[in-house]
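So you can see what is in the structure, the chains are spelled out below.
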Amino acid sequence: MARKRWTFAIALMLVLALFAAACGSDDGGSSSGDEEFKIAFVHVGPTADKGWSWAHDQGAKYLEANMPGVKITTLESIDEGPDSQRVFEDLAADGNTLIFGTSFGYMDPMLAAAENFPDVTFVHATGYKTSDNMGNYFGAAEEGRYLSGMAAGERTETNLIGYVAAFPIPEVLRGINAFTLGVREINPDAEVQVVWTSTWLDPTKEGDAAQALLDAGADVIAMHQDTPAPGQKAEAAGAGWVGYNTDMSEFAPNGWLTAAIWDWGPFYLTTAEAVKAGTWKPEVVYGHMADGMVDIASFGPSVSDEMQALIETRKQEIIDGTFAVFPDPIVNQDGVEQPLGDIFGMDFFVEGVIGSPKS
Amino acid sequence: MNESVLMLTIMAAIGLGTPIVFATVGEILAERSGILNLGVQGMMLVGAVAGFWITFQTENLWLGVLLAMIAGAALSVIHAFNSVTLRVSQIVSGLALTIFGTGVAVFVGRAGDIPLIGEPSPAVFNKPILPEALADLPIVGPLIFGHDALVYLSWIVVAVSSFYLFHTRPGLTVRAVGEDPASAEAAGIDVSRIRYIHVMIGGALAGLGGAYFSLALVPSWLDNPVGPAGWIAIALVILASWRPWRALWAAYLFGAAGRVSFTFQTLGIAIPASLLAMLPFILAILAMLVLTSGKRARFLGAPAALGIPYFREER
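Residues numbered from 1 in each chain as written. Chains lettered and ligands numbered in written order. Predicted model: local features only at pLDDT ≥ 70, side-chain atom pairs only at ≥ 80, totals over all residues. Heavy atoms only, no water.

Describing the environment of P266 of chain A
Counting through the fold element by element, P266 of chain A comes out in helix 9 (residues 265-277). Counting along the chain gives 158 residues from P266 of chain A to D108 of chain A, while the straight-line C-alpha distance between them is 26 Å. (Helix = DSSP H or I, 4+ residues; strand = E, 2+ residues; numbered from the N terminus.)

Below, the structure is given as structure tokens:
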């Protein structure tokens, strides 16, 4: 008798749990029609994060609006790692002809899925592996980072800027270094203190890391992760904030300076059109400000008109190709000049950064 | 900067520890009555979303607190029903509660005309409530008088529940039910009623802890503002050996461990950040290993009937 009740209760709970889970997902049903061109997006965080995944989702919406007959499936909060292969294969089996994965950790699982589904095109963001039916793409965020660093350099009075960093990989190091170079163009005495959180999306930790930096005397906070939590802490402390990915000014109306932001839409559209036309080739795409993939967000109230004008000038120089964010040779953290090397394998900090580039 | 690193770390420990204090004390009350509830994570998340939702609509933080407690308690009734009335495995029911609560929080965050997800909270618990003159005192000022209202509420909750458990007759009754429900019933105590009530108090406090995340620590909604706090709370119950005051210190220790990983980096102390990030969890695991080995758990105060379904007819 006890067992019977037990079974009943567990069954009930599971049904309820499944119901709740089903409600939470926004994966539309799959009615298969030959006419529609099915594209899927897989994101590591919720598309409402107002950060990384949100920016990609805006790109997907642009694609949807500009390509007739396209049917887009979006999966959000999909963990990186081996299980994501199953997610990619499910999407491929479901008739999607083009699948985008927008986080670094999807690289190997996607490569494995691509091998099992040779007729489906896979495109991976931020990685470095390609195959016959898998390409990858990313953009020169460092161009926007440099410009946002200029605004931070103007704002700081303590000459200490806090940088809440995710993982010590080249992408993140490029961002920190470009930001610091921008800061020091304006304010050669300012330094950038880096704190690693080992997270992409954990508001509690990222907010607390920002708080630790503010406690250490930083009066501007910059960041890499996908949540606005560091900005909320900066706002509460009356400090400045440089965001990332999107215009997050609503989270810190006073502290907001600006941010390096993304516009993925045109890339998604050209990729989808190439796949549909059969002209797509597996290649490594690295977009720039000149392509419109990278930009800088609106300026907050404390960025002076002169600085805005200077940033606009520098932006134009970057677009025209007359200004390189990273000089070669480059002065490293120890004050020693060294060759720039391959920026996709960047593993050092430039002069002016405090912290370890190895986490 | 005239505040020392130590002071700032203690302040951070109190801030980061407060939600865990609520959840841990709540779980202590439930476990003292003999019910193990592994659904803390789910109850915290439901509390976090409920509190955020009503505050988002009304900008009233105290309504948020109230609804968070109601939501946490409401979810815990499912567990009380499963484990007290149906007498199912408390472990399975508690885990199911966590899965269910997580799903509810994600669902509620995306439902409605204006989904909560991605929105900042219009009001935040971040203002000290005591007169500024007190908070300006050296050292004790910020440490004792410089907190937001919920920190003081957490201290009251700890003091009251400790007094209740160990110095009142109803508290003695709760402990009796957790130690030996059969004897307690023979003495005329309604075991089921006591257990229902304390599981629900535990749920309300977990919900309140969840709201501290969504209304104070990370005042915005993004599926899970709580992190793994619910699981930490369950581990800290053991570290605190089922005593509320110890739960307070344990939660603060955990909060400090979280902050230390960042503070060390700003001080240039060369320990890998990834290692430091593990510190709180290593601490919790070590505490559990040391404290629960052999017969020590019993000695520490684990209720004897904890997690065991009570069948009157099998006495």
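With respect to the interface of chain B and chain A
At the junction of the two partners, chain B supplies 46 residues and chain A supplies 43 residues. Counting each side, the surface lost to burial between chain B and chain A is near 3600 Å², with a carbon and sulfur contribution of 66%. Taken as a group, L222, F262 and T266 of chain B account for 17% of the area that chain B buries against chain A, more than any other trio of residues on that side. Counting the contacts that link chain B with chain A gives three salt bridges. For the salt bridge of D208 of chain A with R259 of chain B, the shortest nitrogen-to-oxygen distance reads 2.7 Å. Summed over the shared surface of chain B and chain A, the result is nine residue pairs in polar contact (both at pLDDT 80 or more). Listed by contribution, the elements that provide at least two residues to the side of chain B that touches chain A are helix 1 (5-32), helix 3 (61-85), helix 4 (90-110), helix 10 (191-217), helix 12 (244-267) and helix 13 (273-292) of chain B. The element contributing the most residues to the side of chain B that touches chain A is helix 4 of chain B, with 11 residues. (Contact = heavy atoms within 4.5 Å. Buried area = accessible area lost by both parts, 1.4 Å probe. Salt bridge = Lys/Arg side-chain N within 4 Å of Asp/Glu carboxyl O. Polar contact = N/O pair within 3.5 Å; in protein donor to acceptor, adjacent residues only side chain to side chain.)

Thoughts on helix 5 (residues 141-155) of chain A
End to end, helix 5 of chain A covers 21 Å across 15 residues, agreeing with the expected 21 Å (1.5 Å per residue, within 8%). Across the 15 residues of helix 5 of chain A, 13 count as buried, placing the element largely inside the fold. (Expected span 1.5 Å × (residues − 1). Buried < 20%, exposed > 50% of the residue type's maximum accessible area, 1.4 Å probe, protein only.)

Re a nonpolar patch on the surface
Residues and elements named next belong to chain B. Taken together, the side chains of V5, L267, I269, I271, L275, M278, I282, I285, L286, L289 and V290 make up a nonpolar region of the molecular surface, amounting to roughly 940 Å² of accessible area. The element contributing the most residues to the nonpolar patch is helix 13, with seven residues. By secondary structure assignment, the location of V5 is in helix 1. (Patch = residues over 30% accessible without salt bridge, like charges linked within 9 Å, V, L, I, M, F, W, Y side chains within 5 Å. Areas by Shrake-Rupley, 256 points an atom, 1.4 Å probe, with all protein chains shown as cover.)

Examining unusual backbone geometry
At the junction of D328 of chain A and P329 of chain A, the peptide bond is cis and its omega measures out at 5° in the coordinates. Locating P329 of chain A in the fold gives a position in the loop between helix 10 (305-320) and strand 13 (330-331). Of note, S241 of chain B is a non-glycine position whose phi angle comes to about 45°, a positive value. Mapped onto the secondary structure, S241 of chain B falls in the loop between helix 11 (229-239) and helix 12.

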